Amino acid sequence: LQVCGVNANKDGTTGYSWAAARSSPVIWSGGCNSTNTSGSWVTYCLNATDFNSAGDYLDVNSNGTITVKQAGYYQAEFYTTQYGCGEQNINLLVNGAGRAYSYDVNETTTQVHSTHHASLKWPFKKGDTFVAQTYHNGCGSQQNYIAWNANGAYSRLTLEYLGPLN
């Protein structure tokens, strides 16, 4: 929607003002619908989708790799709950390089649930890749990430297009 308005200026001249409605947000949101119990770095899979208005902007692969189809600034939000004791980490990577990292250590042998969050605003070029990774190294029964669900209780990734590169 665009609107043009006529302005009558004090000096007797006429000017025009334009206003445009903000377009719909461009967002992919979803997650991995299985829990991972590995004791090593793993890529968070993306085999479940909440909603997707970013089909012209992002190619989302169920293996967890997102490939950018439209250059621009994007914001990523990732959270997951991990279970166990010891070291717990998440990392957001652009083209294989870490860009946002969260780390925690539970130095007891008591197993606990911990929720970790990472956020990143970053300029992406066409063809750039993005992944979220998790790591858990600890005692007993451990969960590297707990499965996404439609209610969003345990894990989720969203990637939103913010605008063009300047």
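Bear in mind that the values here come from a model prediction, so they are computed numbers and not experimental data.

Draft legend 1. Local environment of the overall build of the protein chain. Helices and strands together make up the secondary structure of the protein chain, namely zero helices and 13 strands. Counted from the first residue to the last, the protein chain has its helices and strands arranged as β-β-β-β-β-β-β-β-β-β-β-β-β. For the protein chain, the residues scored as buried account for 40% of the 166 residues in total. Residue pairs at least 24 apart in sequence account for 66% of intrachain contacts in the protein chain once pairs closer than 6 positions are excluded.

Draft legend 2. Just the sheet that holds strand 13 (residues 155-163), in detail. Spatially, five strands are ordered 5-3-13-8-11 in an open sheet, and the strand pairing comes out antiparallel. Only two strands of the sheet have a single partner each, and these edge strands are strand 5 (48-52) and strand 11 (112-124). Strand-to-strand twist of the sheet, defined as the mean angle between neighbouring strand axes without regard to direction, takes the value 15 degrees. By the bridge criterion, 13 bridges tie strand 8 (residues 72-84) to strand 11 in an arrangement that is antiparallel. By the bridge assignment, Phe78 is partnered in strand 11 with Ala118.

Draft legend 3. Structural view of a nonpolar patch on the surface. Residues Trp41, Tyr101, Tyr103 and Val105 make up a contiguous nonpolar surface patch of roughly 410 Å² in combined accessible area. As for its placement among the helices and strands, Trp41 is situated in the loop between strand 3 (26-31) and strand 4 (42-43). Residue classification places Trp41 among the partly exposed residues on the basis of a relative accessible area of 36%.

Calculation criteria
- Residues numbered from 1 in each chain as written.
- Predicted model: local features only at pLDDT ≥ 70, side-chain atom pairs only at ≥ 80, totals over all residues.
- Heavy atoms only, no water.
- Helix = DSSP H or I, 4+ residues; strand = E, 2+ residues; numbered from the N terminus.
- Buried < 20%, exposed > 50% of the residue type's maximum accessible area, 1.4 Å probe, protein only.
- Contact = heavy atoms within 4.5 Å.
- Pairing = 2+ DSSP bridges.
- Axes fitted to C-alpha atoms, helices over the stretch in contact; angles between N-to-C directions.
- Patch = residues over 30% accessible without salt bridge, like charges linked within 9 Å, V, L, I, M, F, W, Y side chains within 5 Å.
- Areas by Shrake-Rupley, 256 points an atom, 1.4 Å probe, with all protein chains shown as cover.
- Salt bridge = Lys/Arg side-chain N within 4 Å of Asp/Glu carboxyl O.

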